[in-house]
Amino acid sequence: MLAVEVLSPTSTFRDRYDKAKVYAHAGVRTYWVVDPLHERMTLTEDTLGPAGEYEAVTHTEDLFVTERPWKVSVDLPALTARRAGLLARDEG
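All values reported here derive from a predicted model rather than from experimental measurement.

**Q** Can you lay out the side chain of Asp46 for me, pointing to particular residues and giving the numbers?
**A** With respect to the secondary-structure elements, Asp46 resides in strand β3 (residues 42-48). Among buried charged residues, Asp46 stands out as having no salt bridge; its nearest opposite-charge side chain is Arg16, 6.3 Å away. Excluding its chain neighbours within four sequence positions, the residues that come into contact with Asp46 are Arg29, Thr30, Tyr31, Tyr54, Glu55, Ala56 and Val57.

Laid out in structure tokens, this is it:
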């Protein structure tokens, strides 16, 4: 199983800590946290360790490619650029 959270200013602590504990307790093996709150969007990949807690295995703001739990890629620079374009359009 995979859980993915996208942070918002009001959910950062809840998504990074509270929900992570719930997902770990439920046995969710992989947990991604996408952080769009900074200039460059990031993705952190955590996997469930032997102690039943998440361990960060990847943190990137570049192209993220994985085969767990299936083969997928996430182009974070492209998502960052798209977000910037949408924000600029909304401001203009």
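From this point, the narrative continues.
**Q** Hey, could you go over the pairing of strand β5 (residues 63-66) for me, with residue numbers and the actual values?
**A** Because side chains alternate across β5, one face comprises the buried residues Phe64 and Thr66, and the other comprises Leu63 and Val65, none of which is buried. Where β5 folds back on strand β6 (residues 72-75), the antiparallel hairpin that results is connected by five residues.

**Q** Break down the environment of Asp15 for me, citing the residues and quoting the values.
**A** Relative to the helices and strands, Asp15 is located in helix α1 (residues 12-26). Here Asp15 falls in the buried class, since its relative accessible area comes to 1%. In sequence terms Asp15 and Val33 are 18 residues apart; their C-alpha atoms lie 7.8 Å from each other. Once residues within four sequence positions are removed from consideration, Asp15 is found in contact with Glu5, Val6, Leu7, Ala20 and Tyr31.

**Q** I'd love a proper account of the packing of aromatic side chains, names of residues and values included.
**A** Under the criterion given, the structure shown has four aromatic pairs. Plain terms: the ring middles of Phe13 and Tyr17 are 4.9 Å apart, the flat faces sit at 35° to each other, and that makes the pair tilted. Of this pair, Phe13 and Tyr17 both sit in helix α1, four residues apart, roughly one helical turn. A residue is classified by how much of its surface remains accessible, and Phe13, at 56% relative accessible area, is exposed. Taking the relative accessible area as the measure of exposure, Tyr17 reaches 46% and is therefore partly exposed. Ring centres of Trp32 and Phe64 lie 5.1 Å apart, and the angle between their planes is 85°; on these two criteria the pair is classed as edge-to-face. Pair noted here: Trp32 is in strand β2 (residues 30-35) and Phe64 is in strand β5, with a separation of 32 residues, a long-range link. Across this residue pair, the class does not change: Trp32 and Phe64 are buried. One aromatic cluster is present, built from ring pairs that chain together Tyr23, Tyr31 and Tyr54.

Parameters at a glance
- Residues numbered from 1 in each chain as written.
- Predicted model: local features only at pLDDT ≥ 70, side-chain atom pairs only at ≥ 80, totals over all residues.
- Heavy atoms only, no water.
- Helix = DSSP H or I, 4+ residues; strand = E, 2+ residues; numbered from the N terminus.
- Buried < 20%, exposed > 50% of the residue type's maximum accessible area, 1.4 Å probe, protein only.
- Lys, Arg positive; Asp, Glu negative; His and termini not counted.
- Salt bridge = Lys/Arg side-chain N within 4 Å of Asp/Glu carboxyl O.
- Contact = heavy atoms within 4.5 Å.
- Pairing = 2+ DSSP bridges.
- Phe/Tyr/Trp six-rings, centres within 6.5 Å; stacked < 30°, edge-to-face > 60°.

Taken by themselves, the reported measurements are silent on function.
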